[in-house]
Amino acid sequence: MRLTLLLFENVGELTKKYANLPERYIKRSMEQVYWKTPNAIQYLPRTVQRKKFRFTTNRPWTYQFLQQNERGTHRKKVFVEPILEWSIFRGDRVQVLVGRDKGKQGIVSRVIQERNWVLVQGLNCHMRFTGKDKDFPGVAVLSEAPLLVTNQVSLVDPSDLLPTKIEWRFTEEGERVRVSERTGRIIPMPLMADETHDYKSKSAYKESPKDTVESELTKITFSPTLRTFEMDVMNEMEKKEENVTNVADVPS
Amino acid sequence: MFVLTKLKYLATPINYLNSSITLTFSTCCNGCSREKLITCARDFQGAVRCVAASFLHTSSSRYDLMEFFDDEKNWGASEVKVGRAWKKEELRIKSNSDLHKLWYVLLKERNMLLTMEHEAKEKVALFPNPERLDKVAESMENLESVVRERNRAYFELETGETGEKEAVFDHEELGLKQFPELAGKRISKHIDEHWHYRLMTLFKGSAVAKFKKLYREKIANEERKARNRKRNHVMHLLKRFPHIDTATLEKLYPEVNIRKAMLHKKTLGNHPHNRA
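Residues numbered from 1 in each chain as written. Chains lettered and ligands numbered in written order. Predicted model: local features only at pLDDT ≥ 70, side-chain atom pairs only at ≥ 80, totals over all residues. Heavy atoms only, no water.

Under the convention used in this document: UniProt positions are given in the numbering used here, feature names are shortened, and annotations may be inferred rather than shown by experiment.
As recorded by an unreviewed UniProt entry, chain B carries the name Large ribosomal subunit protein uL29m and is attributed to Gryllus longicercus. Comment text from UniProt for chain B, heading Subcellular location (unreviewed entry), reads "Mitochondrion". As its UniProt record puts it under Sequence similarities (unreviewed entry), chain B is described as follows: "Belongs to the universal ribosomal protein uL29 family."

As annotated in an unreviewed UniProt entry, chain A is Large ribosomal subunit protein uL24m from Gryllus longicercus. Under Subcellular location (unreviewed entry), UniProt gives the following word-for-word description of chain A: "Mitochondrion".

Let's talk about the overall build of chain A
What counts is decided by this rule: Under the scheme used here, helices are H or I runs from DSSP no shorter than 4 residues and strands are E runs no shorter than 2 residues, and both carry numbers assigned from the N terminus. For the exposure calls, accessible area comes from a 1.4 Å probe over protein chains only, and a residue counts as buried if that area is under 20% of its type's maximum, exposed if over 50%, partly exposed in between. Contact definition: two residues touch when any of their heavy atoms are within 4.5 Å. The method behind every accessible area is Shrake-Rupley, applied with a 1.4 Å probe, and residues are considered shielded solely by the protein chains displayed.
Tallying secondary structure elements over chain A gives 6 helices and 13 strands in all. With 252 residues in all, chain A has 35% of them scored as buried. Once local pairs closer than 6 in sequence are excluded, the contacts in chain A between residues at least 24 apart make up 46%. Element-wise, carbon and sulfur atoms account for 52% of the exposed surface of chain A, whose accessible area totals about 16900 Å².

Let's talk about the overall build of chain B
Scanning chain B from N- to C-terminus turns up 11 helices and 2 strands. Secondary structure of chain B in N-to-C order comes out as α-α-α-α-α-β-β-α-α-α-α-α-α. Within chain B, the fraction of its 276 residues that count as buried is 32%. Here the contacts in chain B between residues at least 6 apart in sequence split such that 63% fall between residues at least 24 apart. Accessible surface computed for chain B: about 18400 Å², of which carbon and sulfur atoms make up 56%.

Some points on the packing of aromatic side chains
Aromatic ring pairs are described here by two measures, namely the spacing of the ring centres and the angle between the planes. Which entries qualify depends on this criterion: To pair, rings of Phe, Tyr and Trp, with the six-membered ring standing in for Trp, must have centres within 6.5 Å; the planes then decide the type, stacked if under 30 degrees apart, edge-to-face if over 60, and tilted in the middle. Either the NZ atom of lysine or the CZ atom of arginine qualifies as a charge over a ring when it sits within 6 Å of the ring centre and within 35 degrees of the ring normal.
All told, the structure shown has 6 aromatic pairs over all chains when counted by the stated rule. A centroid spacing of 5.3 Å and a plane angle of 80 degrees characterise the contact between Y154 of chain B and F155 of chain B, whose relative ring orientation is edge-to-face. An aromatic cluster of at least three residues, connected via ring pairs, comprises F53, F55 and F65 of chain A. The ring of F53 of chain A carries the charged tip of R50 of chain A above its face, separated from the ring centre by 5.9 Å.

What to know about the interface of chain B and chain A
Applied cut-off: Any Lys or Arg side-chain nitrogen located within 4 Å of an Asp or Glu carboxyl oxygen qualifies as a salt bridge. What qualifies as a polar contact is a pair of N or O atoms within 3.5 Å, subject to a donor-acceptor requirement within protein and to the restriction that residues adjacent in sequence count only when both atoms come from side chains.
Between chain B and chain A, the contact holds 57 residues from the first and 44 residues from the second. If you look at where chain B meets chain A, you find 5 salt bridges. The partner of D134 of chain B in a salt bridge is R28 of chain A, with the nearest N and O atoms 2.5 Å apart. At the boundary of chain B with chain A, the tally comes to 22 residue pairs in polar contact (both at pLDDT 80 or more). Taken together, the elements giving at least two residues each to the side of chain B that touches chain A come down to α3 (88–92), α4 (96–122), α5 (131–158), α7 (206–240) and α8 (246–252) of chain B. Per-element accounting of the side of chain B that touches chain A gives the leading share, 14 residues, to α5 of chain B.

Section: α4 of chain B
To keep it simple, the criterion reads: For a helix, the expected span equals 1.5 Å multiplied by the residue count minus one.
Taking 1.5 Å of rise per residue, 27 residues should cover 39 Å, and α4 of chain B covers 39 Å from first to last C-alpha, within 8% of that figure. Of the residues trailing α4 of chain B, V124 of chain B is marked for its positive phi of about 50 degrees.

Comments concerning the side chain of N116 of chain A
Residues and elements named next belong to chain A. Structurally, N116 is set in the loop between β4 (105–112) and β5 (117–120). Its relative accessible area of 4% is what places N116 among the buried residues. Look past the residues within four positions of N116 in its chain and what remains in contact with it is V80, E81, I83, W86, L147, L148, V149 and T150.

Description of the pairing of strand β3 (residues 93–96) of chain A
All names here are of chain A. Here is the rule we go by: Two strands pair under a simple rule: DSSP has to find at least two bridges between them.
Bridge analysis of β3 against β4 gives 3 bridges, and the strand direction is antiparallel. By the bridge assignment for β4, V94 is matched with G106. Here 3 bridges tie β3 to strand β9 (residues 153–157), and the two strands are oriented antiparallel to one another. Bridge pairing links V96 to V153 in β9.

Considerations on the sheet that holds strand β10 (residues 162–163) of chain A
Residue and element names in this part refer to chain A. As summarised here, the arrangement of the 6 strands in space is β8-β5-β4-β3-β9-β10, forming an open sheet in which the pairing is antiparallel. Of all strands in the sheet, those with a lone pairing partner are β8 (147–148) and β10, marking the two edges. Across 4 bridges, β4 lies against β5 in antiparallel orientation. Note on β5: the bridge partner recorded for R110 is L119.

Looking at the UniProt feature "domain: KOW" (unreviewed entry) in chain A
Following the UniProt record, one finds the feature "domain: KOW" (unreviewed entry) at residues 87–114 of chain A. With 0% helix and 43% strand, residues 87–114 of chain A has its two end C-alpha atoms placed 14 Å apart.

Some thoughts on the sheet that holds strand β13 (residues 186–187) of chain A
Residue and element names in this part refer to chain A. Judged by pairing direction, the sheet is antiparallel, and its 3 strands sit side by side in the order β11-β12-β13 without closing on themselves. Edge positions in the sheet fall to β11 (166–170) and β13, since each has one partner strand and no second. One ladder, built from 2 bridges, connects strand β12 (residues 176–180) with β13; its direction is antiparallel. Across the sheet, the residue bridging to R178 is I187, located in β13.

The structure is reproduced here in structure tokens:
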């Protein structure tokens, strides 16, 4: 039972990858605990907390997400078509199949895996008016509406720039690639797919003063010895074990 | 050059100069009463002796209470970027003494972050990048598990046992099976008086039998509800997405009979076309 609940409330892998945040933090920031039994022997460990969340374009660890899933509110369940293998990523060129921009091609700017959504740059847009007052009509902001990856967008084959279905296959080097079903050409993974909130690409990451440099990180300082961790540390500090009841336990 | 790992942890040994000690001491005890100052001085001397004895140390050149706070340039910053947590495979190649030092670096970092978080709360200010706390916690967890791994390997090689606390399946008072960690070494059941007493007195009688029956019923009910919920979910999916790949559904919900669910009233909906 718990497993199914977890399945439904799960934050998408791509969302987590883009955030570059520890899973623990995402869980912690999403958590809405209504009541928890005190940590005492007379209580069984029980927690009453929100289990069902409405995922939208707001990222799960943000304040806006918390606002949308306000304490004590309940929203109707949204059914999302299960997808085994996700195939559209940030930076992919896709063709819109429905709506006012039907037939136009654009670049995927965001993926919202929890809802099977993608946002395509500058397509399927509407105007949002912010700061509307009785004297002031508000400022118009262009905002993209999400599109379903299942039937509202299609990946574009880079060789002929036409929409195509894809298949995941392996190259001879063992690399998993997307292959266009129509032309058999490989659709390369976009560079934007590796982008996270913190860096554009792994090579472009700028070390902060608290980061360990790579030369220190990859240095192998471990050499196996027949000692436990404690024995080894004490040996290094030239300390002797004093609280030993059994003489046989004294480390050599 | 892709290294995001947190915390530079290897530092060069530093000689403790008297001048620096007095300097930091005076800054740390600014505005204290005389008695407090004396106790503080005593503590401080002790601390210095302790650190000096270890000779090699890993902290920065500040030794005062301000080590509980972040760098001054990070005060009021909206974002403090740091890398990711230490992974297990990175910790496995480090020597025991390196891990020992790293543990204290992480501990100090955690103290610092908790202090900063508390301070931000007090001042109703933003605590930038609270995920740093989770990164440190994750690193510490990984480090601890690597140390356990090494100790377990030693004990298994030397004594044939893990060297950790033993845990055995046992009945608790109401007859349910539990897997508690034992405080000490396990003794054979036949010579264990406590166990014998439990066997003779506990988890017996009609009350326990009744409880166990109800408990089993509760678990069965939960399982049944979960099964129904899953089947219901699948039927709704079939209703909303009629062209859905059934192989996908079979893979995700192996316990649901998809063919049967496809013919159910809930799947077909109320459209006359489907009803016919």
